[in-house]
Amino acid sequence: MSTPAVIDTQSPPARRVHYLNARYGVASWLLTVDHKRIAILYLIGVTFFFAIGGIYAALIRLELLTPPGDVFLSETYNKLFTGHGVMMVFFFMIPGIPGVLGNFLIPLMIGAKDVAFPRLNLLSWYLFLIGGLTALWAVVHGGVDTGWTFYTPYSTVYSNGWVVVTAVGIFIAGFSSILTGLNFLVTLHTMRAPGMTWMRMPLFCWGMYATAIIQILGTPVVAITLLLVAAERLFHLGIFDPAQGGDPVLFQHLFWFYSHPAVYIMVLPAMAVISELVTAFSRKPIFGYRFIAASSVAIAVLSFLVWGHHMFVSGQSVYAGLVFSILSFMVAIPSAIKVFNWTATLYKGSVSYQTPLLYALGFIGLFTFGGLTGLMLATLGLDIHVTDTYFIVAHFHYIMVGGTIMGYLGGLHYWWPKISGKLYPEYWSRVSAWVIFIGFNLTFFPQFILGYLGMPRRYHAYPAEFQVLNVMSTAGASILGIGYLIPLVYFFWSMRYGKDASDNPWGATGLEWQTPSPPPTENFPVTPQVTGKPYDYLTAQEEVAVG
Amino acid sequence: MELFPQQASSFAPHVDALYGFLIAVTAFFSLLIGTLVVSFAIRYRRRSPGEIPPVVHESGLLELVWTVIPLGLVLIMFFWGAAVYFRITRPPTGAIEIYVTGKQWMWKIQHGDGHREMNELHVPVGQPVRLTMASEDVIHSFFVPAFRFKRDVVPGRFSIAWFEATKPGRYHLFCAEYCGTRHSGMIGWVYAMKPADYQAWLSGGAAGESLAAAGAKRFQEQACNTCHAEQAGARGPSLVGLFGKTVHLQGGQTVVADEAYLRESITNPQARLVEGYPPIMPTFQGLISEEGLLQLIAYIKSLSPSPAAGAAPPAPSTERKPAKP
Amino acid sequence: MADAAHALAGESPPELQHHFVDLEAQKEASSLGMWVFLVTEILFFGGMFTAYVVYRASYRAAFEGASNLLDIRLGAFNTAVLILSSLTMALAVWAASQGKKNRIVVFLSATILLGAVFLGVKVIEYSQKFEHHEVPGPHFVVPHGLPRQAEMFFSLYFCMTGLHALHMVVGIGLLSWLIARARRGDFTTRYNTPVEMVGLYWHFVDIVWIFLFPLLYLLGRHTL
């Protein structure tokens, strides 16, 4: 890939204007249309909602230290796990990587000045914020106790919580997700720099493209489903209420039609980050570029065909069960292909153990393990026993926390110098990566055992024989919590006291590293021309040697 | 510390064997990837700051191999899982009929002969037990980990599932679908007993009115016999010997008259009308409780000769309400 | 190439947003964006269409019976009104491509008027339902001779036509905004993308009705 300037890994930037200091004042942030500033706004927002979701998690694990329900009332506990799920899924996981890293990086990676619709981008952030604050209002005024899955008729007829308000909050945030996906899709289709063909696009962009497909096609269905739930509650319609002829299983079909692809909205961006990290820290082209790109799209398409695996015991027909089972196995194959290709990238590479790589390796291990437990759930005969137990809880936390959150943190650490212009302390970042890895496994591995033993989900109190494993899990959660606090501290610290970062502190390829850290508002003074393959470290090195 | 629950049903060993296979595959691939990743990271660690590694060419063959092998493995998992699933979802004939009603936050259990239990279920070992389950309010799920048995109980329909206990003992019963405040309190015990002990338990204690007898009463109260009068020219089809028979519907299709069909005929009679009868049956949706529906179905079942254990069917009532003018 | 034209002109046109290379790229992006948005709308309405199809299969007699209670004359009239409004919208797009300011305003106003007529008829239909106790909820009375599940038909009827009406209201708002811009002289032969995009949206809302009308009013009808 030829570049407009010599790759410069050494000299620090002079005092110059960039997107952070171009304009000051609250209004310049709240009315910004710069994708990089919007990314920072998302960073603040998702961190806030993650903290709330995390507090819920801490309280849940506190209650589960002892078998009887002795810390909270049952109603309160039910609101805790609902709040945890709603906050984490809709206001952290789904907007997280797209909102923060997708927004910041996509225009930079494709050599564009901004996304296709910058004002729509700002609207997306406001919708996310308003949706989150609406759900938070419900939390503060007593909460909702239906579980994040809102199964009917409990949610429409029996629950006494703020179901409609929470549903509206999720609905609004859903539109944020749809508009973000729309923006990214159009951006990637129409705004790539001259010479950047689809096959020269960074894999991060491929992952975000696949994510956008799911956001666009899936989210509207949960939007209308939640709207119907709200209408049923407010106007006493009977769409999902069996007493009036409604079918609760129809609700489940409509809900899971989105919510299964939604988990891929949560994991595809993380996989996209891992592709970038593995190649950058092996300093060689990614193995199987075409296959990784194709697998992202394959996952997006297949993800829409498997929703019934959440309903194997709900009363679907046996034949529906068979179809969803085989398709669920199929969707695992592209993920396996990615894992093998990442592993092969490390082979004969030049591997450097900086923090982003630690997170990438952690992701590969934990996602592989968690994904394999997903095969257990696709297996009909086995899922009957483990569904609705802690086995499921363990499985999805391995993917979402062991997978997505590690990918998110790896990406934050990798691109932090570009985003902030500062370096964080490497020692503490490695410490926290290990603390998180250990804490995570201690929290969630025991839950697989608990689940197979028969401990159901969403249980406030449990039989005494399950206590030892629960105590282990709570201990792990405490460690995990500390692990998450450490980066919060040193990222803030780095903004004030961190060393200045050069344009390309990692010596990586990619257009985002051909612009200063932090970038100017318009990203590139001159539109880059792209001529070479992506991740072409050999050619880049030759150019340094020559230039 | 236990890692696995007891195997107390006929399909538990099959489920556990499948789990064992999947654990082996999971462990193998996790260790494989983990080892490869760690060893590559160590062996190929960066030795000098400016080092650029040589080109490694892509391999279509390798991509094919590591696509096909996992594909083969998952197909094995699918077929094995489907086989166990068929075993789990096909109740054998000759099973003991038990009726379960879930409601917030308790399990009401009725044996065919009228024995009622609350949050407890006594069954004999060595005999298949078929549960017909209904919910009076929200979705619940009847879960017995030691039997590897789980089925959601969904309001508005019957859920039918079976198990066969193999080991005498006392086993946890949990509700496994979140159902509100006391979801984690909706628990109980399943007692599997040796056949002799089970007979002793059955004969001790007042049995109470059998489900079918209660159903017969309700049949009268709801005036079902006005149309289903069991005589020539009656406005509704005969119910004697109906259960389990093939019924010819309007429009040419046929259906087997099972519990689901009977329930639907009461709550939504226009859905599948019997050939040769006018569409005049009113719908009883919302007018009869889930327990009432179970009673009626039990009564109609008792009008058919069946090999199932349970109460002897009461004779159809000869009392008639006067036909409406 | 458009770039060359602007290079000749010496400055970028006022409608060109700074992050696009040229007007052509901007229009391509806008167009793709609107089409993608309409796909999301298909999925959005699709959820309710799915529910309708499922329940219709289960409760055929109730749905057919209830469907016959809808006023087919008003429904057919509304269908004609909407189709006509799509025509006036298309004419507005054409006028915009010609830069003919007055005609744009005339055709947009006609579209708004027709849209308002549609909504007015819907108000009449809804109030008729209120009078006949056909609104689901605590005051619903099962229509004579129909099974109870007729209420489900009406639940879906109100949700589906209600959401559609909401989209019409938004459409009328967009059209009003277009009129304001047209009067300012924003639309020229070089630039008329907003009119085209709102046109796409309006046609889509029309097509949703084309599906709603037969599903709700026509299937299983015994009498006019």
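In what follows, the accompanying structure is described. Given the structure is predicted, the values throughout are model-derived calculations rather than measurements.

Turning our attention to the packing of helix α8 (residues 248-282) of chain A against helix α10 (residues 318-346) of chain A. Axes are the key here: two packed helices are described by the angle between their axes and the distance separating the axes. Residues and elements named next belong to chain A. The geometry of α8 relative to α10 is characterised by a closest axis approach of 9 Å and an angle of 15 degrees between their N-to-C directions. With respect to α10, the element α8 is oriented roughly parallel. Handedness of the α8/α10 crossing: left-handed. Counted together, Met271, Ile274, Val278, Thr279 and Ser282 of α8 and Lys338, Trp342, Thr345 and Leu346 of α10 form the full contact between these two elements. The residue inventory of the contact of α8 with α10, partitioned by class, reads five nonpolar, three polar and one charged.

What follows deals with the interface of chain A and chain C. Each side of the interface is counted separately: chain A has 31 residues, and chain C has 29 residues. Secondary-structure elements contributing two or more residues to the side of chain A that touches chain C are α6 (163-190), α7 (203-235) and α8 of chain A. Ranked by residue count, the leading element in the side of chain A that touches chain C is α7 of chain A, at 10 residues. A class-by-class count of the residues in the side of chain A that touches chain C yields 21 nonpolar, eight polar and two charged.

This part is about helix α6 (residues 290-302) of chain B. Residues and elements named next belong to chain B. With 13 residues, α6 extends 18 Å from end C-alpha to end C-alpha; this agrees with the ideal 18 Å at 1.5 Å per step. Along α6, 11 of the 13 residues are buried, which leaves the element largely enclosed by surrounding structure. Within the sequence span of α6, burial applies to Glu290, Leu293, Leu294, Gln295, Leu296, Ile297, Ala298, Tyr299, Ile300, Lys301 and Ser302. Against β1 (96-103), β5 (128-135), α4 (211-221) and α5 (259-267) lie the buried residues of α6.

Turning next to unusual backbone geometry. Following Thr152 of chain A, the chain continues to Pro153 of chain A via a peptide bond in cis, the omega torsion being -5 degrees. Structurally, Pro153 of chain A is set in the loop between α4 (118-140) and α5 (154-158). Its identity as a non-glycine residue notwithstanding, Lys348 of chain A has a phi of 55 degrees, on the positive side. With respect to the helices and strands, Lys348 of chain A occurs in the loop between α10 and α11 (355-378). Although it is not a glycine, Arg148 of chain B adopts a positive phi angle of roughly 55 degrees. When you line up the elements, Arg148 of chain B lands in the loop between β6 (140-144) and β7 (149-153).

Definitions and cut-offs
- Residues numbered from 1 in each chain as written.
- Chains lettered and ligands numbered in written order.
- Predicted model: local features only at pLDDT ≥ 70, side-chain atom pairs only at ≥ 80, totals over all residues.
- Axes fitted to C-alpha atoms, helices over the stretch in contact; angles between N-to-C directions.
- Helix = DSSP H or I, 4+ residues; strand = E, 2+ residues; numbered from the N terminus.
- Parallel < 35°, antiparallel > 145°, perpendicular 65-115°, else oblique.
- Left-handed = near helix turned anticlockwise from the far one by under 90°.
- Contact = placed C-beta atoms within 7 Å.
- Nonpolar A, V, L, I, M, F, W, Y, C, P; charged D, E, K, R; others polar.
- Expected span 1.5 Å × (residues − 1).
- Buried ≥ 20, exposed ≤ 12 C-beta atoms within 10 Å, placed from the backbone.

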